[in-house]
Amino acid sequence: MTRPDVLAAIDIGTNSLHLVVARVSGPPGLEVVEREKEMVRLGSGGGDMKHLDDGAIDRGIAVLARFREVADVHGARLAAVATSAVREAENRSVFLERARAEAGVDIEIISGAEEARLIHLGILQAVPVFDQTLLLCDIVGGSTELLVGKKGETLAARSRKLVAIRLT
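Scope of this entry: the structure provided in the associated data block. Just so it is clear, the structure is predicted and the values come from calculations on it, not from any experiment.

The rules we used
- Residues numbered from 1 in each chain as written.
- Predicted model: local features only at pLDDT ≥ 70, side-chain atom pairs only at ≥ 80, totals over all residues.
- Heavy atoms only, no water.
- Helix = DSSP H or I, 4+ residues; strand = E, 2+ residues; numbered from the N terminus.
- Rg over C-alpha atoms; globule rule 2.2 N^0.38 Å.
- Buried < 20%, exposed > 50% of the residue type's maximum accessible area, 1.4 Å probe, protein only.
- Core = buried A, V, L, I, M, F, W, Y, C linked by side-chain atoms within 4.5 Å.
- Contact = heavy atoms within 4.5 Å.
- Axes fitted to C-alpha atoms, helices over the stretch in contact; angles between N-to-C directions.
- Left-handed = near helix turned anticlockwise from the far one by under 90°.
- Nonpolar A, V, L, I, M, F, W, Y, C, P; charged D, E, K, R; others polar.
- Pairing = 2+ DSSP bridges.

## Observations concerning the overall build of the protein chain
No. 1: Each helix and strand counted, the protein chain has 5 helices and 8 strands in total.
No. 2: From first element to last, N terminus to C terminus, the protein chain shows the α and β order β-β-β-α-β-α-α-β-α-β-β-β-α.
No. 3: The C-alpha atoms of the protein chain give 16 Å as radius of gyration, which agrees with the globular expectation for 168 residues (15 Å, within 12%).
No. 4: For the C-alpha atoms alone, the extent of the protein chain along its principal axes is close to 45 × 45 × 20 Å.
No. 5: Scored against the burial criterion, the 168 residues of the protein chain give a buried share of 40%.

As structure tokens, this is what we get:
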């Protein structure tokens, strides 16, 4: 049974999958109930990251199934987003279909600009900088997100394929 006051989110990145389960604790906050991270290396298939290899897909699906179980134990409504590795993979449909069929997880693939926007919102929840103009730079596994923002608004956002995994 899903509880309306408990939410779970999965971030499917190039190197790792993250799960956060949180309880809505009145305006304006969330209380983190559980947090997990697993190194899966979806983007291990090569420098151009145009293909998810079978082993990476298997590892990702196993982690998604476990994360689904954790969300269900808490009665949480679940949302999952995928970033660079899945976004760019020519065989992403294999991963998406298996996630739905085997793990019970529907995945939304988000753009680099949306990824930057969500990072900005997360920063604003954690650091008291709402009134300041910010330049955010998030260097992750498959892409680097840059954002200029102020008061929760995105003034400019870019995603660049400039990260260590691509350069090696």
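## Digging into the nonpolar core
As a rule of thumb, soluble globular proteins bury nonpolar side chains together.
No. 1: Within the largest apolar cluster, 30 residues are counted, with the highest numbers of intra-cluster contacts made by Ile12, Leu42, Leu64, Phe95 and Ile107.
No. 2: Of all elements in the fold, only strand E1 (6-12), strand E2 (16-24), helix H1 (54-73), strand E4 (77-82), helix H2 (84-88) and helix H3 (92-103) reach the threshold of two or more residues within this core.
No. 3: Considering each element in turn, this core owes the most residues, 8 residues, to H1.
No. 4: When near neighbours in sequence (up to four residues on either side) are disregarded, Phe95 contacts Ile12, Leu42, Leu52, Ile57, Gly60, Ile61, Leu64, Val86 and Ile107.

## Some thoughts on the environment of Ile107
No. 1: Mapped onto the elements of the fold, Ile107 is located in strand E5 (residues 107-109).
No. 2: Given a relative accessible area of 15%, Ile107 falls into the buried group.
No. 3: With 23 residues separating them in the primary sequence, Ile107 and Phe130 have C-alpha atoms 30 Å apart.
No. 4: Once residues lying within four places of it in the same chain are set aside, the contact partners of Ile107 are Ile12, Leu64, Ala80, Val81, Ala82, Phe95, Leu96 and Ala99.

## A few points about the packing of H1 against H3
No. 1: In contact at an axis separation of 9 Å, H1 and H3 are set at 35 degrees when each is read in the N-to-C sense. Note that H1 runs across H3; the crossing there is right-handed. Facing Ile57, Asp58, Gly60, Ile61, Leu64, Ala65 and Arg68 of H1, the residues of H3 in contact are Val94, Phe95, Arg98, Ala99, Glu102 and Ala103.
No. 2: A per-class count over the contact of H1 with H3 returns 8 nonpolar, 1 polar and 4 charged.

## Observations regarding the sheet that holds strand E8 (residues 153-160)
No. 1: Across the sheet, 3 strands lie side by side as E6-E7-E8; this open sheet has antiparallel pairing. The open sheet terminates on both sides in strands that have one partner only, identified here as strand E6 (134-139) and E8. Geometrically, the sheet is characterised by an average inter-axis angle of 15 degrees between neighbouring strands, direction not taken into account.
No. 2: Note that E6 and strand E7 (residues 144-150) share 6 bridges and pair antiparallel. Counterpart to Cys137 in the pairing with E7 is Leu146.
No. 3: Seen against the sheet, helix H4 (residues 112-126) touches E6, E7 and E8 and runs at an angle of roughly 55 degrees to E7.

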